[in-house]
Amino acid sequence: MKRPINKNGITIHSAADFEGMRKAGKLAAEILDMIGEYVRPGVTTGELDQICHDFMIANNSVPATLGYRGYPKSSCISLNHVVCHGIPGEKIPSATSKNSKRKDDTIIDGDILNIDVTCIVDGWYGDNSRMYVAGKAKPYAKRLIQVTHDALMLGIEQAKPGNTFGDIGAAISEYAHKHNLSVVRDFCGHGIGAVFHSAPNVVHFGRWGKGPVIEEGMFFTIEPMLNLGKYDCEVLADNWTAITVDRKLSAQFEHTIGITENGAEIFTESPKGLFDQVLKS
Ligand code: MF3
Ligand code: CO
Ligand code: CO
């Protein structure tokens, strides 16, 4: 199907397209609602991935990441100092020798983790991620998670016609810096819709008023990754797993949104109101 593309290469969607995204986003959020109760010390990331996979299949959707550019799993699970694209089932290298208790991909008490799932429903992509905690998290880890969540929501507030993509990045990074956290630069949000990743790159830093103008009918993700230490990342030999160079903690939240006349519709809003559940416990 032909859809209009604006001068910045960004697709403009119709009212019918919004309907498609509502379904995909809702299922994507339901997966994250469903998986929360399984996150506890003793479970493996491989098991969590399998549960997400089975849920997607049972709900007539396709896991978008499975086989995407060779990615082997139906979710990304990023533990502690993993920034993004952690591969479920793979052992995570320890951040420090203190933390060498982990022998495999088993989650242990105090771990914080991001689960990122994207499902395809009737050809539409719903992409979202949230933070979870296994057992009891350290206060500084909880604070990182809180600020990252709030930074995403502040970014979404800027997502409306007439504002620019720079406004989104500026809102997120100003808030992060105010709280002495750094903003990852190597990974960004993206256009989405009938494809997984498209224009524009939605960067989570930037300057007020810069970048392409936001227009009604755009669909994209905002998915800031904030670090306790420096923003620098490195990618492991598996070519996917991104970790912080200083091995300090990283957190991320992601929503898929659509631009309406006055603001943003969050397609991946939690049906059970659990998006920020980790912050209420
Ligand atoms: N869901 C991720 C995103 O937010 C993309 C993961 S691609 C994968 O864009 F191949 F790593 F799974
Ligand atoms: Co995304
Ligand atoms: Co994602």
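Residues numbered from 1 in each chain as written. Chains lettered and ligands numbered in written order. Predicted model: local features only at pLDDT ≥ 70, side-chain atom pairs only at ≥ 80, totals over all residues. Heavy atoms only, no water.

Student: Is there a simple way to think about the environment of R207 in this case?
Tutor: You can see R207 is positioned in the loop between β8 (198-202) and β9 (219-222). The exposure class assigned to R207 is exposed, which follows from its relative accessible area of 59%. Considered as a pair, R207 and S173 are 34 residues apart in the sequence and their alpha carbons are 9.3 Å apart. When sequence neighbours within four positions are dropped, the list of residues in contact with R207 reads G166, D167 and A170. (Helix = DSSP H or I, 4+ residues; strand = E, 2+ residues; numbered from the N terminus. Buried < 20%, exposed > 50% of the residue type's maximum accessible area, 1.4 Å probe, protein only. Contact = heavy atoms within 4.5 Å.)

Student: Mind showing me how you'd approach the coordination of the cobalt ion (ligand 2) here?
Tutor: Ideal geometry at a metal centre gives angles of 109.5 degrees when four donors are arranged tetrahedrally and 90 or 180 degrees when six donors are arranged octahedrally. Here the cobalt ion (ligand 2) is held by the protein donor atoms D127 (OD), H190 (NE2), E223 (OE) and E254 (OE), which lie 2.0 to 2.2 Å from it. Within one chain, the residues donating to the cobalt ion (ligand 2) are spaced in sequence as D-x62-H-x32-E-x30-E. A spacing of 3.3 Å is found between the cobalt ion (ligand 2) and the cobalt ion (ligand 3), which share D127 as a donor. With a gap of 127 residues between them, D127 in strand β5 (residues 124-133) and E254 in the loop between β13 (250-252) and β14 (255-259) connect regions that are remote in the sequence. (Donors = N, O, S within 2.8 Å, 3.2 Å for Na, K, Ca; no water.)

Student: How should I be thinking about the pairing of strand β2 (residues 76-79) in this particular structure?
Tutor: The side chains of a regular strand alternate, residue by residue, between the two faces of the sheet. Side chains C76 and S78 project from β2 onto one buried face, and the interleaved I77 and L79 project onto a second face that is buried too. Where β2 lies against strand β4 (residues 112-121), 4 bridges are found, and the strand directions are antiparallel. For S78, the partnering residue across the bridge sits in β4 and is N114. (Pairing = 2+ DSSP bridges.)

Student: Explain the packing of aromatic side chains to me, please; I cannot follow it from the model alone.
Tutor: Remark: the centre distance and the inter-plane angle together describe each pair of aromatic rings, the angle taken between the planes. Taken as a whole, this structure holds 9 aromatic pairs when the rule is applied. Centroid distance W124 to F219: 6.4 Å. Interplanar angle 70°. Geometry classified as edge-to-face. Placement of the pair is W124 in strand β5 and F219 in strand β9, with a sequence separation of 95 residues. Of the residues examined, W124 reaches a relative accessible area of 11% and is grouped as buried. For the ring pair F253 and F275, a centre distance of 5.4 Å and an interplane angle of 55° mean the geometry is tilted. With F253 in the loop between β13 and β14 and F275 in the loop between β15 (264-266) and α5 (277-280), the pair connects residues that are 22 residues apart, well separated along the chain. (Phe/Tyr/Trp six-rings, centres within 6.5 Å; stacked < 30°, edge-to-face > 60°.)

Student: Just checking my understanding: could you explain the sheet that holds strand β3 (residues 82-84) for this structure?
Tutor: Through backbone hydrogen bonds, the strands of a sheet pair up, either in parallel or in antiparallel fashion. Strand order in this open sheet of 3 strands is β3-β12-β11, and the pairing throughout is antiparallel. Pairing within the sheet leaves two strands with one partner each, and these edge strands are β3 and β11 (233-235). On average, adjacent strands in this sheet sit at an angle of 40° to one another, irrespective of strand direction. One ladder, built from 3 bridges, connects β11 with strand β12 (residues 242-244); its direction is antiparallel. Looking at β12, one finds that C233 is bridged to T244. (Axes fitted to C-alpha atoms, helices over the stretch in contact; angles between N-to-C directions.)

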